[in-house]
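# Reading the structure
Okay, here's what each chain looks like letter by letter:
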Amino acid sequence: AVLVADAVRVAYPEIPYWPTATVQGHAGLLVAGSLFGAQVLVLQGRVHFYEGSSMAEVTLPVRVMKRLGIETLVLTNAAGAINPLYEPGDVMLITDHIAMVGMAGMNPLRGPNLEEFGPRFPDMSRVYDRDLAQTAREEAAAAGIELHEGVYCGLSGPSFETPADLRFLRTIGADAVGMST
């Protein structure tokens, strides 16, 4: 958010009903402005399901951004590598995911369906935009960054995985695991 020009910064507690993260390193600021000529909204930090918030509270910022007309969402996180070829600090483009939390009954789409956010039963076969993924590949190559591609597995946390958990996740095709995307 340092690169955001004409930035307006608002602390999360100043926004009614906006969830506030308690995790160290999450600044808790909403930053609006211009980045390389595009209007952007940057969230510096977010609340996580494992902090005790409901799934509705955790996903409120995404719904607000949709209501503001934002059509493209770029997510970043720190995750644990399961793929043995990955090293700490490597960058991975998520090409698919395993939604363990959602499959266990805590799908963030549970509840009344609002058509303005999409269909009741969304097609999940193409969750990740292919054009944005290609742009990420090209930009990484131009910057000399090795970009892995793989499957992210989302868990609820806050504990890390056991060795048996990791063997299971690798067996089902996960390359990385986390609790915050």
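Every value quoted in this text rests on a predicted model; they were computed, and no experiment measured them. (Residues numbered from 1 in each chain as written. Predicted model: local features only at pLDDT ≥ 70, side-chain atom pairs only at ≥ 80, totals over all residues. Heavy atoms only, no water.)

### Let's talk about the pattern of salt bridges
Stated formally: Salt bridges are counted wherever a side-chain nitrogen of Lys or Arg sits within 4 Å of a carboxyl oxygen of Asp or Glu. For each residue, the accessible area found with a 1.4 Å probe, counting protein chains only, is set against the maximum for its type, and the residue is called buried under 20%, exposed over 50%, and partly exposed in between. A run of DSSP states H or I qualifies as a helix once it reaches four residues; a run of E qualifies as a strand once it reaches two. Both are numbered from the N-terminal end.
Tallied over the entire structure, the rule returns 4 salt bridges. Its salt-bridge partner being Glu71, residue Lys66 comes within 3.4 Å of it at the nearest N-O pair. Its relative accessible area of 30% is what places Lys66 among the partly exposed residues. One salt bridge in this structure joins Arg137 and Glu149, with 2.5 Å as the shortest N-O distance. You can see Arg137 sitting in helix H3 (residues 130–143) and its partner Glu149 sitting in strand S6 (residues 147–154), a full 12 residues away along the chain. Owing to a relative accessible area of 35%, Glu149 belongs among the partly exposed residues under this scheme.

### Describing the sheet that holds strand S5 (residues 91–99)
Applied cut-off: Here, a strand pair is defined by DSSP locating no fewer than two bridges between the strands. Residues count as neighbours in contact if any of their non-hydrogen atoms are within 4.5 Å of one another. Between N-to-C directions, angles span 0 to 180 degrees; the directions come from axes that are lines fitted to C-alpha atoms, helices contributing only their stretch in contact.
Across the sheet, which stays open at both edges, the 4 strands sit in the order S4-S7-S6-S5 with mixed pairing between neighbours. One side of each edge strand has no neighbouring strand; the edge strands of this open sheet are strand S4 (80–81) and S5. Packed onto the sheet, H3 meets S5 and S6 and runs at close to 135 degrees relative to S6.

### Details of the sheet that holds strand S2 (residues 29–35)
Paired through their backbone hydrogen bonds, the strands of a sheet run either parallel or antiparallel. Pairing is antiparallel in the open sheet, where 3 strands are placed in the order S1-S2-S3. The sheet is open, and its two edges are formed by strand S1 (5–11) and strand S3 (38–44), each paired on a single side. Looking at each pair of strands side by side, their axes are set apart by 15 degrees on average, direction ignored. Judged from the 7 bridges that link them, S2 and S3 form a sheet pairing that is antiparallel.

### Some details on a nonpolar patch on the surface
Under the convention used in this document: Each patch is assembled from residues with relative accessible area greater than 30% and no salt bridge, linking like charges that lie within 9 Å and nonpolar side chains (Val, Leu, Ile, Met, Phe, Trp, Tyr) that lie within 5 Å. Only the protein chains shown count as covering a residue, and every accessible area follows the Shrake-Rupley method with a 1.4 Å probe.
A cluster of nonpolar residues, Val62, Leu73 and Leu75, forms a patch on the protein surface that exposes about 270 Å² of accessible area. Tracing the backbone shows Leu73 in the loop between helix H1 (55–67) and S4.

### Section: the packing of aromatic side chains
This is how the line gets drawn: Classification of ring pairs rests on two measures: the distance between centres of Phe, Tyr or Trp rings, Trp counted by its six-membered ring, which must be within 6.5 Å, and the angle between planes, read as stacked under 30 degrees, edge-to-face over 60 and tilted in between.
By the definition in use, this model includes 1 aromatic pair. Between the aromatic rings of Tyr12 and Trp18, the centroid separation amounts to 5.8 Å while the plane-to-plane angle is 45 degrees, which identifies the pairing as tilted. Residue Trp18 is classed as buried on the basis of its relative accessible area of 8%.

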